Amino acid sequence: MYPVPVAGVRELLVTSGSTMAAAEVARQMSEGARNLSLSGHVGFDSMPDQLVNKSVCQGFCFNILCVGETGLGKSTLMDTLFNTRFEGDPAVHNQPGVHIKSNNYELQESNVRLKLSIVNSMGFGDQINKEESYKSIVEFIDAQFEAYLQEELKIKRTLHNYHDSRIHVCLYFIAPTGHSLKSLDLVTMKKLDSKVNIIPIIAKADSISKNELQKFKIKIMSELVSNGVQIYQFPTDDETVAEINGTMNAHLPFAVVGSTEEIKIGNKMMKARQYPWGTVQVENENHCDFVKLREMLIRVNMEDLREQTHTRHYELYRRCKLEEMGFKDTDPDNKPFSLQETYEAKRNEFLGELQKKEEEMRQMFVMRVKEKESELKEAEKELHDKFDRLKKLHQDEKKKLEDKKKSLDDEINAFKQRKTAAELLQSQAQQSGSQQTLKREKERKNSGFL
């Protein structure tokens with residue numbers, strides 16, 4: 001039984017508005033304080049169980065982005081990490097650019113369902129010009145933030161069953177060169193550290209010796225710090241995981257080996273890689289950091305990664321996006337800025353800009369109309385001038401033709417006159433010829449008679 005304090009009873013009765021009960025309690029208090037005991041178990045300690053049951057019923061989602069050059073074993077590590085074989089086509093090295101490919105899966109362990117999304121950066125680091133290799137990755141992450149923000153801004157929101165595609169963690173695969181980070185690695189992680197939780201990983205760690213691996217880890221961390229790259233640090237504020245997370249922060253970056261092949265070692269079947277000189281056991285902490293990565297990523301800090309994505313990276317994107325849209329929390333006088341006032345201000349600003357653009361378009365239209373009218377007038381004047389020239393030319397040609405026709409008519413008349421004279425002369429000549437012929441005939445006849 002739990003005694004209820006008198007002050008608590010007074011607050012409860014006053015809050016409920018029961019005047020008669022308050023008067024009765026005041027009378028009893030004047031007679032002497034008494035303790036009230038609970039009649040049974042209240043049960044608010046079952047709230048965590050209710051939350052767990054509800055979360056288990058709804059399921060969880062977890063989205064992993066794998067960034068690294070082709071051939072570093074990203075797909076193999078994912079298969080090893082979740083103890084399954086995900087479907088996927090092998091990557092090629094002739095990609096013209098970086099292509100983002102997302103695959104969704106549903107996994108179940110005991111009675112807990114997990115919606116897993118594995119996003120792979122196809123062709124990363126394969127181009128000769130790697131200057132803009134990170135842009136596709138940044139654009140993809142921002143697109144997922146934008147989709148979630150648009151869902152939040154809807155009037156009818158369905159966030160309770162919305163498929164959250166925001167990236168919760170980025171596993172950045174580093175080539176086991178043993179020397180230092182490439183410029184591409186530094187630039188890409190610097191562009192991503194404000195948008196996603198980055199966990200650096202040395203891929204194929206069995207290709208480098210143990211001493212070189214330790215030096216390589218120190219070199220990587222010093223370069224990240226000197227270049228201001230903020231990677232994900234396992235949280236140490238929770239006492240239950242502070243010790244293990246603090247220890248694991250010192251092991252970053254994790255040197256991992258992935259393998260889906262099981263080899264019999266002793267009396268057990270273990271995931272391992274067989275070499276002529278020996279066997280590398282994936283789950284042996286003396287051989288690689290795969291177990292550390294799995295523990296930190298899935299068993300210990302998965303929920304913190306989801307929370308950090310929402311409270312840090314998404315909130316940063318949301319704040320910048322809303323500030324770009326003109327929304328603010330306070331006005332210039334540091335007074336609360338209501339959404340209605342913001343909407344009205346943006347609406348008036350938009351209407352002003354719209355009116356200004358409309359006026360500019362009207363002026364531009366009038367100016368273009370005037371220019372077109374001027375061009376048409378010039379063209380019309382040119383046509384008139386051309387018409388006048390052609391008309392004058394036509395008249396000149398017509399006059400020439402008429403003159404030529406007149407001269408031809410004169411020639412024809414003269415020709416006709418000459419022809420008539422010739423015909424007259426010819427007829428006269430024929431008549432005189434016929435007369436002479438008759439005269440000769442007569443003379444011949446006369447001479448014959450004699």
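Residues numbered from 1 in each chain as written. Predicted model: local features only at pLDDT ≥ 70, side-chain atom pairs only at ≥ 80, totals over all residues. Heavy atoms only, no water.

## A short note on the pattern of salt bridges
Under the counting rule described, the total for this entry stands at 21 salt bridges. Its salt-bridge partner being E315, residue R318 comes within 3.9 Å of it at the nearest N-O pair. Residue R318 and its partner E315 are located together in helix α10 (residues 302–324), separated by 3 residues, close to a single helical turn. Here the residues in one salt-bridge network are K217, E285, D289 and K292, joined through shared partners. (Salt bridge = Lys/Arg side-chain N within 4 Å of Asp/Glu carboxyl O. Helix = DSSP H or I, 4+ residues; strand = E, 2+ residues; numbered from the N terminus.)

## Looking at the packing of aromatic side chains
Taken as a whole, this structure holds 10 aromatic pairs when the rule is applied. Consider the rings of F86 and Y105, whose centres lie 4.4 Å apart with planes at 40°: the pair is tilted. Within this pair, whereas F86 is found in the loop between α4 (74–81) and β4 (99–109), its partner Y105 is found in strand β4, the two being separated by 19 residues in sequence. For the pair F86 and Y105, a shared accessibility class is recorded, and that class is buried. (Phe/Tyr/Trp six-rings, centres within 6.5 Å; stacked < 30°, edge-to-face > 60°. Buried < 20%, exposed > 50% of the residue type's maximum accessible area, 1.4 Å probe, protein only.)

## Some remarks on the sheet that holds strand β8 (residues 254–255)
An order of β4-β5-β3-β6-β7-β8 is seen for the 6 strands of this open sheet, with the pairing classed as mixed. Two strands lie at the open edges of the sheet, namely β4 and β8, each paired on one side alone. Packing of helix α5 (residues 135–152) onto the sheet brings it into contact with β3 (60–67), β4 and β5 (112–122), and relative to β4 it is tilted by some 50°. (Pairing = 2+ DSSP bridges. Contact = heavy atoms within 4.5 Å. Axes fitted to C-alpha atoms, helices over the stretch in contact; angles between N-to-C directions.)

## Things to note about a negative patch on the surface
There is a patch of like negative charges on the surface, built from D237, D238, E239 and E307. One can find E307 in helix α10. (Patch = residues over 30% accessible without salt bridge, like charges linked within 9 Å, V, L, I, M, F, W, Y side chains within 5 Å. Areas by Shrake-Rupley, 256 points an atom, 1.4 Å probe, with all protein chains shown as cover. Lys, Arg positive; Asp, Glu negative; His and termini not counted. Charge placed at Lys NZ, Arg CZ, Asp CG, Glu CD.)

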